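Below, each chain spelled out in residue letters.
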Amino acid sequence: MPPSKFRCIVEDFPALGQQRFSGKFLVIERVDEGETLEKVSPIIIEKTIQTWCGGDNVEQIRRTKEGKCLIKTKNDRQAQALLKLKTISSDINVKIYEHRTLNSCRKVITNRDPYVVTEEEILEVLKNQNVTKVEQIKTKRNGVVSATNSFIITFNSVNAPKYVKCFQFGHIGKACKGEKRCYNYSKSFHGDSCDNTPQCINCADKEQQQQQHRPTSKSCPVWKRKSTIMMIKVDQNLTYIEAKQKVEKSEKKLLL
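The paragraphs below set out a description of the structure included in this document. Since this is a predicted model, take the numbers as computed values, not measurements.

### Brief notes about unusual backbone geometry
Here is step 1 of the chain: We note that Ser-90 has phi near 65°; this positive angle belongs to a residue other than glycine.
Here is step 2 of the chain: Mapped onto the secondary structure, Ser-90 falls in the loop between β4 (87-88) and β5 (92-98).
Here is step 3 of the chain: Look at Ser-90 and you get exposed, because its relative accessible area is 66%.

### As for helix α4 (residues 119-126)
Here is step 1 of the chain: For α4, every residue scored as buried is listed here: Ile-122, Val-125 and Leu-126. Buried residues of α4, seen end-on, are gathered within an arc of 85° and therefore sit on one face of the element. Opposite the buried face of α4, by more than 90 degrees, sit the exposed residues Glu-120 and Glu-124.

### Concerning the layout of surface pockets
Here is step 1 of the chain: The volume enclosed by the second largest pocket comes to roughly 170 Å³.
Here is step 2 of the chain: Lining the second largest pocket we find Val-27, Arg-62, Thr-64, Glu-66, Lys-68, Leu-70, Tyr-97, Glu-98, His-99, Arg-100 and Leu-102.
Here is step 3 of the chain: Looking at side-chain class alone, the lining of the second largest pocket contains 4 nonpolar, 2 polar and 5 charged residues.

### Observations concerning the sheet that holds strand β3 (residues 69-72)
Here is step 1 of the chain: The strand order across the open sheet built from 5 strands is β2-β3-β1-β5-β4, with neighbouring strands paired in antiparallel fashion. In this open sheet, the two strands that pair with only one neighbour each are β2 (60-63) and β4.
Here is step 2 of the chain: Here strand β1 (residues 25-30) runs beside β3; their pairing, made up of 4 bridges, is antiparallel. Bridge pairing in β3 places Val-27 opposite Leu-70.

### Brief notes about the nonpolar core
Here is step 1 of the chain: Within the largest apolar cluster, 17 residues are counted, with the highest numbers of intra-cluster contacts made by Ile-28, Leu-37, Ile-49, Ile-71 and Leu-82.
Here is step 2 of the chain: Elements represented by at least two residues in this core include exactly β1, α2 (42-52), β3, α3 (76-82) and β5.
Here is step 3 of the chain: Tallying contributions element by element places β5 first for this core, with 3 residues.
Here is step 4 of the chain: Core analysis: the next-biggest nonpolar cluster, separate from the first, contains 11 residues, Cys-105, Ile-109, Val-134 and Ile-153 among them.

### Observations regarding the pattern of salt bridges
Here is step 1 of the chain: Applying the stated criterion across every chain, the model contains 8 salt bridges.
Here is step 2 of the chain: A salt bridge links Arg-225 to Glu-248, with the shortest nitrogen-to-oxygen separation between them at 3.8 Å. In this pair, Arg-225 sits in helix α5 (residues 221-235) while Glu-248 sits in helix α6 (residues 240-255), placing the two residues 23 residues apart along the sequence.
Here is step 3 of the chain: Close ionic contact of Arg-225 with Glu-251 constitutes a salt bridge, the shortest N to O distance being 2.8 Å. With a gap of 26 residues between them, Arg-225 in helix α5 and Glu-251 in helix α6 connect regions that are remote in the sequence.
Here is step 4 of the chain: Where salt bridges share partners, they join Arg-30, Asp-32 and Glu-35 into one cluster.

Procedures and definitions
- Residues numbered from 1 in each chain as written.
- Predicted model: local features only at pLDDT ≥ 70, side-chain atom pairs only at ≥ 80, totals over all residues.
- Heavy atoms only, no water.
- Helix = DSSP H or I, 4+ residues; strand = E, 2+ residues; numbered from the N terminus.
- Buried < 20%, exposed > 50% of the residue type's maximum accessible area, 1.4 Å probe, protein only.
- Arc of directions from axis to C-beta.
- 1 Å grid on protein atoms, 1.4 Å probe; cavity = no way out; pocket = protein on both sides within 12 Å on 5 of 7 lines; lining within 4 Å.
- Points joined across faces, edges and corners; volume = space filled by probe spheres on them.
- Nonpolar A, V, L, I, M, F, W, Y, C, P; charged D, E, K, R; others polar.
- Pairing = 2+ DSSP bridges.
- Core = buried A, V, L, I, M, F, W, Y, C linked by side-chain atoms within 4.5 Å.
- Salt bridge = Lys/Arg side-chain N within 4 Å of Asp/Glu carboxyl O.

Laid out in C-alpha cells, this is it:
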C-alpha cells in the first residue's frame, strides 16, 4: 500500500481511544436432557458464578426466555474463568459459551486520501488491534454499483474504541486542547471508574435535572439537536449553518 495519510489514520484509529468495558457476554445453558435453568434457584446460580470469579460479582446476570442465563462479565479474567464452568450445585450440568452477536461491534471509517485502499490492506493493518472484518460500503445508482471511500470495521469487542478527552461536542481527536475529563460526570479525569451522579458538560447551561446524564448519553438534548442538524444537512445537501438555521426556525415556531 502506498505511504499515505490514510495508513496513519487506520493504524491510529483503534489506538486513539479506550474501552471502559473489557469483559464478555456469556450464555449458560443446561445440558441435562429436557431441562433448562428456568427452575434453578437464582441464588445458587449467582453463588456458583461468584465462586468461579474468585469471589467477585459479575456486571449482570439475567434469565432469557429460553431458560438460559445471560452473563455480562466485568473483565476478560472473569470471562476466561467462567468458560471452564461445567456444573452448578454438583448435579446440574451446564455449558457456557460466548454470546454469538453481543461480543462484537462495528464502526465506519472513511478514506479521504486519493489512493485506492482495499479491504484486505486495512484488515492487515488493524488485525492486531482487535479488528476481525473490513467491508467496503457500496452504493447503487441507476443500476450501477460503485464502491465508496468508507469502510465498516468489525471489532471483536463489546465497544468500539473511541478517542475521547473533554467530551464536548465538536472536540475530536488529537486536535482537542481541552482538559481530559471524567466520562461519567464531566469533571477532571480521575480514573476509569466513577460512582458520582452523572453530569453532562454539554448541558451546563440547563437546569440541574437536565444535566444528570453522561456526556456520551444519546438522551442528551444537545446531542439530539446536533444530530437533527446533521441529518438535515445531509438529507437536504445544506451547509451546517443553513441546517442549523432551519432547526432554530422550527424551534421558534414551537415556542409560539
